[in-house]
Amino acid sequence: MLLFPGAAFPAPERHSPAVSGKTVRDSGGVSFSADASGFVLLSRAVPDAILEIRYYSTYNFVGRRIDGYEEPEALLTREAAARLREVSDELVKKGYRLKIFDAYRPQSAVDHFMRWAKTPGEAAMKPYFYPDLDKAVLFREGFIAARSGHTRGSAVDLTLFDMASGKEVDMGGRFDWFGAESHQDFRGLTAAQRASRKLLRDVMTAHGFRAISKEWWHFSLQNEPYPRTYFTFPVSSRAVSDPGGSAENSRASCDPDGGLPAENREPRQ
């Protein structure tokens, strides 16, 4: 989900710039770059994290794999990944692992969201992500926008995984839900759900990340290294020259179509 009003940024390009490896700057002073040299793979930089990359799968609000997601991998800037490793190490001691839904998001993916939001129909996933909203209002209400902080490479969407139970922690709302239940201060939470959200938020902010009010799962590095640069390279291990050290890939096991693990998948219509 994207929470940056579209009017605050230049209009989206029909084709993402900087696809040839060059860095270009638009009239608003925003740079677009295909240089992935400052990024690492989270599967190596944060080896205890579980990857469940929703935009590589079909289990997302669009209902199909999103442009730019060539592998079910997660990439972050070196600075953000180092801080996330600190978060992971602390949470493991408390009995939790991180589950990553999204990290770096290429501009082509944001462009895909924009095309989808402006195309009539294609609302198969409405019951699961935005049942109380008309798709036509998602852009106007700021859920979909022309630019995303994820594209700068230092934002991550994640939750907690309880090692004792072997299950994702109940946070009182699902990832990418377009509604009030996603707000940090939603009043309908149980005491346990509120405590779980607070644990995630407290550990993330203690290690240099910033939370936002409308998405309990979203965190951005406070001192991000590329505050005005939006990247265009795909989500792929091939895009990263130095993956971030050797470690066993902890990607969540998925079914052949790249969807959610079968035991956790919502029924489709």
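Our subject is the structure that appears above.
The residue numbers shown here count from 1 along each chain, following its written sequence. Predicted model: local features are reported for residues with pLDDT of at least 70 only, side-chain atom pairs are reported and counted for 80 or more only, and whole-chain, interface and lining totals are derived from all residues. Note: side-chain values were computed over all heavy atoms of the structure, leaving out hydrogens and water.

### Brief notes about the packing of aromatic side chains
For Phe, Tyr and Trp, where Trp contributes only its six-membered ring, two rings pair if their centres lie within 6.5 Å, and the inter-plane angle classes them as stacked under 30 degrees, edge-to-face over 60, or tilted in between. With the rule as written, the count across this model stands at 22 aromatic pairs. Their ring planes at 15° and their centres at 4.6 Å tell us that Phe101 and Phe175 sit as a pair that is stacked. With Phe101 in strand S6 (residues 96-102) and Phe175 in the loop between strand S8 (167-168) and helix H5 (191-206), this pair connects stretches of sequence that are 74 residues apart. The pair Phe101 / Phe175 is uniform in exposure class, with both members buried. When the centroid spacing of 5.1 Å and the interplanar angle of 75° are considered together, the rings of Tyr226 and Phe231 count as edge-to-face. Three labels apply to residues, based on accessible area from a 1.4 Å probe with only protein chains included: buried if under 20% of the type maximum, exposed if over 50%, partly exposed otherwise in between. Classification of Phe231 by relative accessible area gives buried; the value is 3%. Ring pairing ties together the aromatic residues Tyr55, Phe61, Tyr69, Phe101, Phe113, Trp116, Tyr130, Phe143, Phe175, Phe178, Trp216 and Trp217, which thus form one cluster. Only lysine NZ and arginine CZ atoms are considered, and such an atom sits over a ring when it is within 6 Å of the ring centre and within 35 degrees of the ring normal. Looking at Arg65, its charged tip hangs above the ring of Tyr56, at a distance of 3.6 Å from the centre. Numbering goes from the N terminus for both helices and strands, where a helix is a DSSP run of H or I of at least four residues and a strand is a run of E of at least two.

### Some words on the pattern of salt bridges
Pairs can form between side chains of opposite charge once their charged atoms are near each other. The term salt bridge refers to a pairing of a side-chain nitrogen on Lys or Arg with a carboxyl oxygen on Asp or Glu at a separation within 4 Å. Counted under the stated rule, the structure contains eleven salt bridges. One salt bridge in this structure joins Lys99 and Glu52, with 3.1 Å as the shortest N-O distance. A residue pair is termed long-range when its members are at least 10 positions apart, and Lys99 in strand S6 and Glu52 in the loop between strand S4 (50-51) and strand S5 (75-77) qualify at 47 residues. For the residue pair Lys99 and Glu52, the accessibility class agrees, reading buried in each case. In this structure, Glu224 engages Arg152 in a salt bridge whose closest nitrogen and oxygen atoms are separated by 2.9 Å. With Glu224 in the loop between strand S10 (215-221) and strand S11 (229-231) and Arg152 in the loop between helix H4 (126-129) and strand S7 (155-162), this pair connects stretches of sequence that are 72 residues apart. Looking at Glu224, the relative accessible area reads 17%, which means it is buried.

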